[in-house]
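What follows is the residue order along each chain.
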Amino acid sequence: MKTYRHTLAGAQTTIHALETADDVEAAGRWLKAVQPRSLALDTETTGLDTFSRGHRLRTVQFGTGDVAWVAPFERGPAFAELARTVVTKCPELVIHNAAYDLLVLDRHGVAPVDQVAPRVRDTKILAHLCDSRQDFEGGVGISLKPLSAWYVDPSAPDTQAGLTQVFRSYGLTKDTGWAGIPYEDETYQRYAGLDVLLAYRLRPHLEQELERHGIPANLVEFEHRLMTICAGMERRGMLLDVPYTEGLVDRLEDDRAQFAAVADRYGVENVNSDRQVVAALQGMGESWDERTDGGALSVAKDVLLPMADMNDKWERLEIRRPNPLADAVLRAKRASKWRKSYALAMLTNRDAHDRIHPKINTLGAKTARASVSDPPLQQLPSKGWEIRRSIIAEPGMAYFSVDQSSVELVVLAALSQEPRMCQAIRDGRNLHDFTATLMFGDGFTKYQRGLAKIAGLGTSYQGGAKTLAKQTGLEVDVMKDTLTRYARAYPGIKRWARGLQAHALRNRCEIRTPSGRRLVLDRDKLYKAVAYICQSTARDTMGQALIDLEERGLTQYLNLWVHDEVLGTAPVGDVEAIAREVAETVRMDLYGVPIGTDAEVYGRTWAGGYGLPAEWAVG
């Protein structure tokens, strides 16, 4: 057994790295003597691809704020049994980013997620509830190292940075280092043990912060339950159509080459060269003002889309003649990204049963909005079947979807209590039609209805006239007039927004959501208060729906949570009934305003709801 000493916050701590069966017995004797009610726990693995075929659990480490034990799980049954004893017997476990470690422990047979999760306190969740801002936004951040430096010991070393250099000394990279570094390496062992010591010491500081800020205890429990539910969805995963996806890799490369060739005809040899794209567009007579942080003209997606006469959903605006170079650059880049980030990533990270397991980060944004990664399925366009076609249901099963209807606008109405908007929703009226009538009269056109829709979503997410003009390709003056008309149609929203900003200014730029969540704004961006509280509240309504679904035994059918939608599979003969039951459970009221739901059965593939051509149907 190797033993290391380390000073934290002026106190000496000990890290024991186990090597033999006798060492395991020593750890067991310590557990019996101390009988800890709470232990911090962590794992080291070969990588973040938890369910891929080559993934390995290397170490399980546990301890208190004074003593840490590192057990090399990969070295055999004695170490594995010690890990299993700790995980299954300890009354409470403190873990930073618990969803990952719980799934690792489940994946490698230590203990099932649902048996361990009720005994876990996740310091990442606690940190997010205290202050969800990253360090560059004026907060502390929610990663273990910056949190520990702030609350535990400013001199606590960032051993992960040191490990990168150690990887190089072994001829390894950042990607291969976690699998290849020898267990005996001192920096590796210290890194493993130190994370346990820090997490244990961090927890009481965060709990004091929760109390100081008056964060409700039920919100803490809410987030832990939601983490557990989403970990279950990640474990369940989704079946991949491997032959289709292999073909998709080639088709996307063909698309990239085709559009890159179009760009080349306009003098752009490399679509990723901003300099070349800028020069070519200027040569075609295009002019624009948007610039990068470095001061150069920007050719980011939000700049090129309007030039290509498309909105942010890649739909034609029919406002101008599309610039063929802007269109080609956008499509070449998208094909390249889709090939790497979706098709190849899904093939590489699928498990032994050809299932993919997208990661659901329940606290993916400052507002707590959830995100999906590996692959980033939340970033798929709202219309488009090609990537979604890779996801299929098992034989005899079918996909279904349930989403909340216009939840952003419903939340805006409920929080502002704008009377006309609330009543229209209660009456079941089409809100975009109703709004267009208020803004333009009974004879509104399709174009004017589109403006009403843009104004509503722009107001709920505080997209000003310039931002909305950039997103839609419309003139700034048109968007100013549109937002003015919207404010006249719903004066209660503007009054509420002003009151919300004034409240934030009086309370150190802080607002609270209906769930009690604390959101801190930048002093010079108080206008974002409406966007923050609407986005956060909409997220919490779906979070509550997931908990309600769990209590009714319906989460067993769910595979994914994307914004205001849940995706699931069920037996073909029952899928319509189950989809209806899920929709009924998700439906709720917010301050007297109903949040409706839409349910749809897609069939054997997720793409069934996205215009899947008949020739690509699943056989």
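Note: the structure precedes this text.
Residues numbered from 1 in each chain as written. Predicted model: local features only at pLDDT ≥ 70, side-chain atom pairs only at ≥ 80, totals over all residues. Heavy atoms only, no water.

### Regarding the overall build of the protein
What counts, and what does not: Counting from the N terminus, the helices are the DSSP runs of H or I reaching at least four residues and the strands are the DSSP runs of E reaching at least two. In this treatment the radius of gyration is a C-alpha quantity, and the globule benchmark scales as 2.2 Å times the residue count to the 0.38 power. Burial classification: accessible surface area is computed with a 1.4 Å probe over protein chains only, and a residue below 20% of its type maximum counts as buried, one above 50% as exposed, and the rest as partly exposed. Whether two residues are in contact is decided by their heavy atoms, any of which lying within 4.5 Å being enough. Residue-level accessible areas treat just the shown protein chains as cover; the underlying method is Shrake-Rupley with a 1.4 Å probe.
Across its full length, the protein carries 23 helices and 20 strands. A compact globule built from 619 residues would reach a C-alpha radius of gyration of about 25 Å, and the protein, at 26 Å, matches this within 12%. Principal-axis analysis of the C-alpha atoms places the extent of the protein at approximately 85 × 60 × 55 Å. Expressed as a percentage of the 619 residues in the protein, the buried residues total 54%. Pairs at least 24 residues apart make up 66% of the contacts formed inside the protein by residues separated by at least 6 positions. In the structure as shown, the protein presents an accessible area of about 27000 Å², 48% of it carried by carbon and sulfur atoms.

### So, the environment of Gly 464
With respect to the helices, strands and loops of the structure, Gly 464 is situated in the loop between α18 (446–460) and α19 (465–472). Each C-alpha atom of the pair Gly 464 and Leu 82 lies 57 Å from the other, and the pair is 382 residues apart in sequence.

### Some details on the pattern of salt bridges
Convention followed: Take a side-chain nitrogen of Lys or Arg and a carboxyl oxygen of Asp or Glu: if they are within 4 Å of each other, that pair is a salt bridge.
Taken as a whole and judged by the stated rule, the model has 35 salt bridges. As a salt-bridge pair, Asp 354 and Arg 53 come within 3.1 Å of each other at their nearest N and O atoms. Of the two residues, Asp 354 is situated in the loop between α14 (324–349) and β9 (355–356) and Arg 53 in the loop between β3 (38–45) and β4 (57–63); the sequence distance between them amounts to 301 residues. Taking the shortest distance from any N to any O, the salt bridge between Arg 56 and Glu 74 comes out at 3.0 Å. Residue Arg 56 is located in the loop between β3 and β4, and its partner Glu 74 is located in the loop between β5 (67–71) and α2 (77–89); the two are separated by 18 residues in the primary sequence. In this structure Arg 56 comes out as partly exposed when scored by relative accessible area, which is 36%. Salt bridges here are not isolated pairs; linked through shared partners, they connect Glu 223, Arg 517, Arg 539 and Asp 540.

### Considerations on the side chain of Arg 119
The criterion, for reference: Charge assignment in this entry is limited to Lys and Arg as positive and Asp and Glu as negative, and neither His nor the chain termini are counted. A 3.5 Å cut-off defines polar contacts: any pair of N or O atoms within that distance qualifies, except that in protein one atom must be a possible hydrogen donor and the other a possible acceptor, and neighbouring residues in sequence count only when both atoms are side-chain atoms.
Mapping Arg 119 onto the fold places it in the loop between α4 (113–116) and β7 (120–122). Buried and unpaired, Arg 119 has no salt bridge, with Asp 114 as the nearest side chain of opposite charge at 9.5 Å. Of note is the side chain of Arg 119, whose polar atom sits 2.8 Å from the backbone oxygen of Val 87.

### Focus: the sheet that holds β4
We apply this condition: A pair of strands is considered paired only if DSSP assigns at least 2 bridges between the two. Orientation is described by lines fitted to C-alpha atoms, with helices fitted over the stretch in contact, and by angles between N-to-C directions that extend from 0 to 180 degrees.
As summarised here, the arrangement of the seven strands in space is β1-β2-β5-β4-β3-β6-β7, forming an open sheet in which the pairing is mixed. Each having just a single partner strand, β1 (2–8) and β7 make up the two edges of the open sheet. Taking each pair of neighbouring strands and ignoring which way they run, the sheet shows an average axis angle of 25°.

### Observations concerning the sheet that holds strand β13 (residues 397–404)
One open sheet holds the four strands; their spatial order is β16-β17-β13-β20, and the pairing between them is antiparallel. Edge strands, defined here as strands with exactly one partner in the open sheet, are β16 (558–562) and β20 (597–603). Ignoring which end each strand starts from, the neighbouring axes of this sheet average 20° apart. Relative to strand β17 (residues 565–571), β16 runs antiparallel, the two sharing four bridges. Note on β17: the bridge partner recorded for Leu 560 is Leu 567. On top of the sheet, helix α23 (residues 575–586) reaches β13, β17 and β20; it is set at about 20° to β13, its chief contact.

### Considering the environment of Ala 504
Here Ala 504 is to be found in helix α21 (residues 491–506). Excluding residues that lie within four positions of it along the chain, Ala 504 makes contacts with Cys 509, Glu 510, Ile 511, Leu 521 and Leu 526.

### Comments concerning the side chain of Glu 510
For Glu 510, the location among the structural elements is in strand β14 (residues 510–512). In this structure the side chain of Glu 510 is engaged in a polar contact, spanning 2.8 Å, whose partner is the side chain of Arg 512. A distance of 2.8 Å separates the side chain of Glu 510 from the side chain of Arg 518, its partner in a polar contact.

### Considerations on unusual backbone geometry
Backbone phi values are negative for most residues with the exception of glycine, while trans is the configuration of most peptide bonds. Look at the link from Asp 374 to Pro 375: it is a cis peptide, with omega at 0°. Position of Pro 375 among the secondary structure elements: in the loop between β11 (371–373) and β12 (391–392). Unusually for a residue other than glycine, Gln 35 sits at a positive phi of about 45°. Residue position: Gln 35 is located in the loop between α1 (21–34) and β3. Classification of Gln 35 by relative accessible area gives exposed; the value is 60%.

### Examining helix α15 (residues 407–416)
Where burial is concerned, most of α15 is hidden: ten out of the ten residues are buried. Along α15, the positions that sit buried rather than exposed are Val 407, Glu 408, Leu 409, Val 410, Val 411, Leu 412, Ala 413, Ala 414, Leu 415 and Ser 416. Phi turns positive one or two residues past the end of α15, at Gln 417, with a value near 55°.

### Remarks on the packing of aromatic side chains
What counts is decided by this rule: Put simply, two rings from Phe, Tyr or Trp (the six-membered ring, in Trp's case) pair if the centres are within 6.5 Å, and we call them stacked under 30 degrees between planes, edge-to-face over 60, tilted for the rest.
Evaluated as defined, the whole model comprises eight aromatic pairs. Ring centres 5.2 Å apart and planes at 75° place the aromatic pair Tyr 486 and Tyr 490 in the edge-to-face group. Across the pair, Tyr 490 and Tyr 486 agree in class, each one buried. The interplanar angle of 90° and the centroid separation of 6.5 Å between the aromatic rings of Trp 606 and Tyr 610 together place this pair among those described as edge-to-face. For the pair shown, Trp 606 and Tyr 610 are each scored as buried. Connected via pairs of aromatic rings, a cluster forms that spans Phe 167, Trp 178 and Tyr 191.

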